[in-house]
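Residue-level listing of the chains:
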Amino acid sequence: MNRNKTIKVSVPVDKDYLPFLLSHINTAATFFGVKQKSVGEIELACEEALVNIIEHGEHFDEKDSLEIECMPSEKGMEIIIHERGIPFNPQNASKYTPPKTLEEMMTQGLGLFLMQQFMDSVVYNNLGPEGLEIRLIKNWESDEQKLCHAASMIDDNELSVAAQDIDNIKA
């Protein structure tokens, strides 16, 4: 099976779809061979992005939708979240500063901070009237994970042909 494909889903902008979207992202990451620790980090970062879109986005049309594309890349996995509302500008968001004590704790800006901590790259693309695109990229952590990913990219038919070739060489 060739796992070098983009997996897409589109749903209305509604918090009731959040568990479905997170399950979709989790399943795609697992399918692409991402280690479980990284799957959890990807899911948390995407949850923060989706909650920000759903709760803080400007959606005036009930037909507005969220589109999510999950795809493997040579260095890891990329998730693209596209919304069609008025784009959120992360430059206008409060900067999160980790507190020194519990009394200082605030949550404003925490979601963006977590996204940046758990992902290797978070890029916001303002598409004007077409909305906003958020690109979240997670790179492989180790050579072991790279090998796991490479093995998952081999088509099952290619694998059986390679096995036959090895048997022919032995004979």
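This structure is a prediction, so every number in the text was calculated from the model and none was measured.

Formed by 32 residues in total, the largest nonpolar core has its most connected members in I79 and I81. Elements with a contribution of two residues or more to this core: strand 1 (7-12), helix 1 (18-31), helix 2 (36-56), strand 2 (65-72), strand 3 (76-83), helix 3 (110-118) and strand 5 (132-139). Non-local contacts of I79, meaning those with residues more than four positions away in its chain, are made with I42, C46, I68, E69, C70, M119, I134, R135 and L136.

A separate point is the confidence of the model for the protein chain. Overall, the predicted model of the protein chain reaches an average pLDDT of 76, with 63% of residues at or above 70. Across the protein chain, the secondary-structure element scoring lowest on mean pLDDT is helix 5 (residues 156-170), at 46, and the one scoring highest is helix 1, at 94. Scored below 50 in pLDDT, residues 156-171 shows two contacts in the model against residues more than four places distant or in partner chains.

Right, let's get into the packing of helix 1 against helix 2. Put simply, helix 1 and helix 2 touch, their axes get as near as 9 Å, and they point 150° apart. In this structure, the crossing between helix 1 and helix 2 has a hand that is right-handed. When helix 1 is examined against helix 2, the residues L18, L21, L22, I25, N26, A29 and T30 are found in contact with a partner set consisting of Q36, V39, I42, E43, C46, E47, L50 and V51. Here the contact of helix 1 with helix 2 is built from residues that sort into ten nonpolar, three polar and two charged.

Judged by pairing direction, the sheet is antiparallel, and its five strands sit side by side in the order 1-2-3-5-4 without closing on themselves. Either end of the sheet is taken by a strand with one partner, and the two such strands are strand 1 and strand 4 (121-126). In this sheet, adjacent strand axes meet at a mean angle of 15° when their direction is disregarded. With seven bridges connecting them, strand 2 and strand 3 associate as antiparallel partners. Within the sheet, the bridge partner assigned to P72 lies in strand 3 and is M77. The strands that helix 1 touches are strand 1, strand 2 and strand 3; relative to strand 1, the one it contacts most, it runs at about 175°. Contacting strand 2, strand 3 and strand 5, helix 2 crosses the sheet at an angle of about 10° to strand 3.

Attention now goes to the pattern of salt bridges. With the rule as written, the count across this model stands at six salt bridges. Here K138 ties to E41 by a salt bridge, and the two come within 2.6 Å at their closest N and O atoms. Placement of K138 in strand 5 and of E41 in helix 2 is noted, with a sequence separation of 97 residues between them. A relative accessible area of 9% places K138 in the buried class. Between E130 and R84 there is a salt bridge; the shortest N-O distance is 3.4 Å.

Rules behind the numbers
- Residues numbered from 1 in each chain as written.
- Predicted model: local features only at pLDDT ≥ 70, side-chain atom pairs only at ≥ 80, totals over all residues.
- Heavy atoms only, no water.
- Core = buried A, V, L, I, M, F, W, Y, C linked by side-chain atoms within 4.5 Å.
- Buried < 20%, exposed > 50% of the residue type's maximum accessible area, 1.4 Å probe, protein only.
- Helix = DSSP H or I, 4+ residues; strand = E, 2+ residues; numbered from the N terminus.
- Contact = heavy atoms within 4.5 Å.
- pLDDT = per-residue confidence, 0-100.
- Axes fitted to C-alpha atoms, helices over the stretch in contact; angles between N-to-C directions.
- Left-handed = near helix turned anticlockwise from the far one by under 90°.
- Nonpolar A, V, L, I, M, F, W, Y, C, P; charged D, E, K, R; others polar.
- Pairing = 2+ DSSP bridges.
- Salt bridge = Lys/Arg side-chain N within 4 Å of Asp/Glu carboxyl O.

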